[in-house]
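# Residue-level structure breakdown
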Amino acid sequence: IMKKIILLSMSLLILNVLNSCSSIKVIADYDPLVNFENYSSYAFYKKGVDQVQISDLDKKRILKAIETSLQSKGFRPSEQPDILVNIFTKEESKIDIYNNNGMGWGWGWNPWFWPGMGMQTTQISTRAEGRLFIDLIETKNKRLIWQGSGVGLLEPSSDPIKKQEIIQKFVNEILSQYPPKKQ
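Nothing here was measured: the structure is a model prediction, and the numbers come from that model.

## A few points about the packing of helix H3 (residues 56–72) against helix H4 (residues 160–175)
Between H3 and H4, the least distance of the axes is 9 Å, while the angle of their chain directions is 50 degrees. One finds that H3 runs oblique with respect to H4. Two packed elements cross with a definite hand, and for H3 against H4 that hand is right-handed. Facing H3, whose interface residues are Asp58, Arg61, Ile62, Lys64, Ala65, Ile66, Thr68, Ser69 and Leu70, H4 presents Pro160, Lys163, Gln164, Ile167, Gln168, Val171, Asn172 and Leu175. In terms of residue class, the contact of H3 with H4 is made up of 8 nonpolar, 5 polar and 4 charged.

Here it is in structure tokens:
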């Protein structure tokens, strides 16, 4: 029975580690009447991208990550694109409150049960959660045909290369939903 408990514990530990590696939650929505195979070129929607309220350096990193991901899917940049790419970002502060209170019983110095004192601890932590929206707009009709969004924890980093890697992973997760799988 001890072996089963150890195996179960190890399995749960491995699942927890794997789950923690995938900390980006992705949602995609699209127009089901669109044939996504018709699109092969893109350009950024300058008016929309210019309105995004993040640092210019992070904006460049996001656009570079989108370019890399789209080009890996066979898209090419164009002056007369099939689709326009727009982005929107949102940041929210999350507050986590953990209340732990306990009451225990234990042995005293004599053979009778001696009541133990419980303690309540409260831990408060804040974290920044960021959301990135990527919109694909059909150029011909100026209509939204696909939108992907990803939400995850923002980890501050002063290393620009590390920032680019994190942003690339974030964008890749979102654009992994494009094109939509046929049902």
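Text resumes after the structure shown.
## A few points about the layout of surface pockets
By volume, the second largest pocket amounts to about 220 Å³. Forming the walls of the second largest pocket are 15 residues, and the residues nearest its centre are Val34, Phe36, Pro179, Pro180 and Lys182. Broken down by class, the residue content of the lining of the second largest pocket amounts to 9 nonpolar, 2 polar and 4 charged.

## Things to note about the side chain of Gln168
Take Gln168: it is sitting in helix H4. For Gln168, the side chain forms a polar contact with the main-chain oxygen of Ala65, separated by 3.1 Å. Setting aside residues no more than four positions away along its own chain, Gln168 makes contact with Lys64, Ala65, Thr68 and Ser69.

## What about unusual backbone geometry?
Looking along the chain, the bond that leaves Tyr178 and enters Pro179 is cis, with omega of -10 degrees. Structurally, the position occupied by Pro179 is in the segment after H4. Here Lys142, not a glycine, exhibits a phi torsion of approximately 55 degrees, which is positive. Here Lys142 shows up in the loop between strand S7 (120–138) and strand S8 (143–153). Looking at Lys142, the relative accessible area reads 59%, which means it is exposed.

## So, the environment of Pro77
Among the secondary structure elements, Pro77 is positioned in strand S3 (residues 76–77). Given a relative accessible area of 51%, Pro77 falls into the exposed group. Sequence separation of Pro77 and Glu67 is 10 residues, and the distance between their C-alpha atoms is 8.1 Å. Other than its neighbours up to four places away in sequence, Pro77 contacts Tyr42 and Gln71.

## A short note on the confidence of the model for the protein chain
Of the residues in the protein chain, 72% have a pLDDT of 70 or more, and the chain-wide mean is 81. Confidence drops under a pLDDT of 50 for residues 6–21, and excluding neighbours within four residues, the segment shows 1 contact in the predicted structure.

## Looking at the pattern of salt bridges
Evaluation of the coordinates by the stated rule reveals 4 salt bridges. For the salt bridge of Asp31 with Arg143, the shortest nitrogen-to-oxygen distance reads 3.0 Å. Taken together, the positions of Asp31 in the loop between strand S1 (25–30) and strand S2 (41–44) and Arg143 in strand S8 put the pair 112 residues apart, joining distant regions of the chain. Using a relative accessible area of 32% as the deciding quantity, one classes Arg143 as partly exposed. With its nearest N and O atoms 2.9 Å apart, the salt bridge here joins Glu138 to Arg143. Given a relative accessible area of 7%, Glu138 falls into the buried group.

## Digging into the packing of aromatic side chains
Applying the stated rule across the entire model yields 7 aromatic pairs. Consider the rings of Phe36 and Tyr178, whose centres lie 5.5 Å apart with planes at 85 degrees: the pair is edge-to-face. You can see Phe36 sitting in the loop between S1 and S2 and its partner Tyr178 sitting in the segment after H4, a full 142 residues away along the chain. On the accessibility criterion, Phe36 (11% relative accessible area) is buried. Centre to centre, the rings of Phe75 and Tyr178 are 5.9 Å apart; their planes meet at 50 degrees, and the pair counts as tilted. Placement of the pair is Phe75 in the loop between H3 and S3 and Tyr178 in the segment after H4, with a sequence separation of 103 residues. Joined through ring pairs, the aromatic side chains of Tyr30, Phe36, Tyr39, Phe75, Trp146 and Tyr178 make up one cluster.

Criteria and thresholds
Residues numbered from 1 in each chain as written. Predicted model: local features only at pLDDT ≥ 70, side-chain atom pairs only at ≥ 80, totals over all residues. Heavy atoms only, no water. Axes fitted to C-alpha atoms, helices over the stretch in contact; angles between N-to-C directions. Helix = DSSP H or I, 4+ residues; strand = E, 2+ residues; numbered from the N terminus. Parallel < 35°, antiparallel > 145°, perpendicular 65-115°, else oblique. Left-handed = near helix turned anticlockwise from the far one by under 90°. Contact = heavy atoms within 4.5 Å. Nonpolar A, V, L, I, M, F, W, Y, C, P; charged D, E, K, R; others polar. 1 Å grid on protein atoms, 1.4 Å probe; cavity = no way out; pocket = protein on both sides within 12 Å on 5 of 7 lines; lining within 4 Å. Points joined across faces, edges and corners; volume = space filled by probe spheres on them. Polar contact = N/O pair within 3.5 Å; in protein donor to acceptor, adjacent residues only side chain to side chain. Buried < 20%, exposed > 50% of the residue type's maximum accessible area, 1.4 Å probe, protein only. pLDDT = per-residue confidence, 0-100. Salt bridge = Lys/Arg side-chain N within 4 Å of Asp/Glu carboxyl O. Phe/Tyr/Trp six-rings, centres within 6.5 Å; stacked < 30°, edge-to-face > 60°.

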